[in-house]
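# Analysis of the macromolecular model
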Amino acid sequence: MKIDYQSRTIRITLRPGEYLVVSWKSMWFEHRVRGWYVGEVIIKDDRIVIPFKSSKEIYVNKVIGWDSNELSLDGYEPSIGFIHVDLRPLQSMKITYERKKAIAQRKGKRNLYEEYVAREGNRVRDFKNKLSAGLRRLFPNTIHVFEDLEKEDLVSRKRVKKVRRKRNARTPWRSIHRRVSEVALTDFVPPENTSRECPRCRFVVKTRVGRIFECPRCNLKMDRQRVASINIRRRYLE
């Protein structure tokens, strides 16, 4: 692989005498990667992935722990306080297109169904892009810490009830986390007991039923999502 940073091209040797030339000049992301280095290019059947690396030093001054919920992202950082990101517009969007796709399927209109799928994908992608850009703009020099959620556990027939499975499937937590990681510093912690452990005395309650967390040991009462965001942040720092 030979890289020409002046012309912004990459020449990849496929076999002796056969080359593939790829250019990122005038691409939409060109200004974002100016001064960065090209990593190992990945050639796939339908596209070419060009990873860029930056040697720029980032001085982190904030760590936000994020609790990922069905209708919101709830964060905590001592210098800021509690942060609430509303995901209800995303849920409404998914529900609307679920109904449209169901109607198109019942009527046997495959083309219309595929059109709805494409529209939904574009709108969800746009939502995630705006969300991640907003977090980067509002919280510069920050590490965003999320729970390392397993989608299979959230939609498992054996572990989760049908109604809850459907609601969990509407919120693409993993892809939201991945999109944020593309524009900001991120890390992940295990999700066990983040909403059941008291952030004051570390006592772990048996269940996580209800919106309010109540600790039987130190009598702390707090919104359960806030409890989780505090624990996620502390778990990362420890």
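Residues numbered from 1 in each chain as written. Predicted model: local features only at pLDDT ≥ 70, side-chain atom pairs only at ≥ 80, totals over all residues. Heavy atoms only, no water.

### Section: the overall build of the protein
A tally of regular secondary structure across the protein gives six helices and 14 strands. Relative to the 2.2 N^0.38 estimate, which gives 18 Å for 238 residues, the radius of gyration of the protein is 22 Å and therefore markedly larger than a compact globule would have. Within the protein, the proportion of its 238 residues that are buried is 39%. The contacts in the protein between residues at least 6 apart in sequence include a share of 50% that link residues at least 24 apart. With the model as given, the accessible surface of the protein reaches about 15,700 Å², and the carbon-plus-sulfur share is 49%. In the protein, 55 positive and 29 negative side-chain charges are present, and the distance between their average locations comes to 5 Å. (Helix = DSSP H or I, 4+ residues; strand = E, 2+ residues; numbered from the N terminus. Rg over C-alpha atoms; globule rule 2.2 N^0.38 Å. Buried < 20%, exposed > 50% of the residue type's maximum accessible area, 1.4 Å probe, protein only. Contact = heavy atoms within 4.5 Å. Areas by Shrake-Rupley, 256 points an atom, 1.4 Å probe, with all protein chains shown as cover. Lys, Arg positive; Asp, Glu negative; His and termini not counted. Charge placed at Lys NZ, Arg CZ, Asp CG, Glu CD.)

### Brief notes about the sheet that holds strand β3 (residues 18–23)
Working definition: the strands of a sheet are paired by backbone hydrogen bonds and lie parallel or antiparallel to each other. If you trace the three strands from one edge of the open sheet to the other, you get β1-β2-β3, paired in antiparallel fashion. Sheet topology places β1 (2–4) and β3 at the edges, where each strand pairs with a single neighbour. Strand after strand, the sheet turns through a mean of 20° between neighbouring axes, direction not considered. (Pairing = 2+ DSSP bridges. Axes fitted to C-alpha atoms, helices over the stretch in contact; angles between N-to-C directions.)

### Some remarks on the packing of helix α1 (residues 88–106) against helix α2 (residues 110–138)
Direction vectors running N to C along α1 and α2 enclose 170°, while the axes themselves pass 9 Å from each other. Here α2 runs roughly antiparallel to α1, going by the angle between their axes. Of the residues in α2, those touching α1 at P89, L90, M93, K94, Y97, K100, K101, A104 and Q105 are L112, Y113, Y116, V117, R119, E120, R123, V124 and F127. A class-by-class count of the residues in the contact of α1 with α2 yields 11 nonpolar, one polar and six charged. (Parallel < 35°, antiparallel > 145°, perpendicular 65-115°, else oblique. Nonpolar A, V, L, I, M, F, W, Y, C, P; charged D, E, K, R; others polar.)

### A short note on the nonpolar core
Formed by 21 residues in total, the largest nonpolar core has its most connected members in W66, L73 and L131. It is α2 that contributes the most residues to this core, five residues altogether. If we ignore the near neighbours within four places in the chain, the residues touching W66 are L73, D74, G75, I83, V85, L135, F139, H144, V145, F146, E147 and I232. The next biggest cluster of nonpolar side chains, apart from the first, holds 10 residues, and it includes I10, I12, I50 and F52. (Core = buried A, V, L, I, M, F, W, Y, C linked by side-chain atoms within 4.5 Å.)

### Quick word on the pairing of strand β11 (residues 142–147)
Burial of β11 is extensive: six of the six residues sit out of reach of the surface. For strand β8 (residues 62–68) and β11, the ladder comprises four bridges, and the chain directions are parallel. What sits directly across from V63, in β11, is I143.

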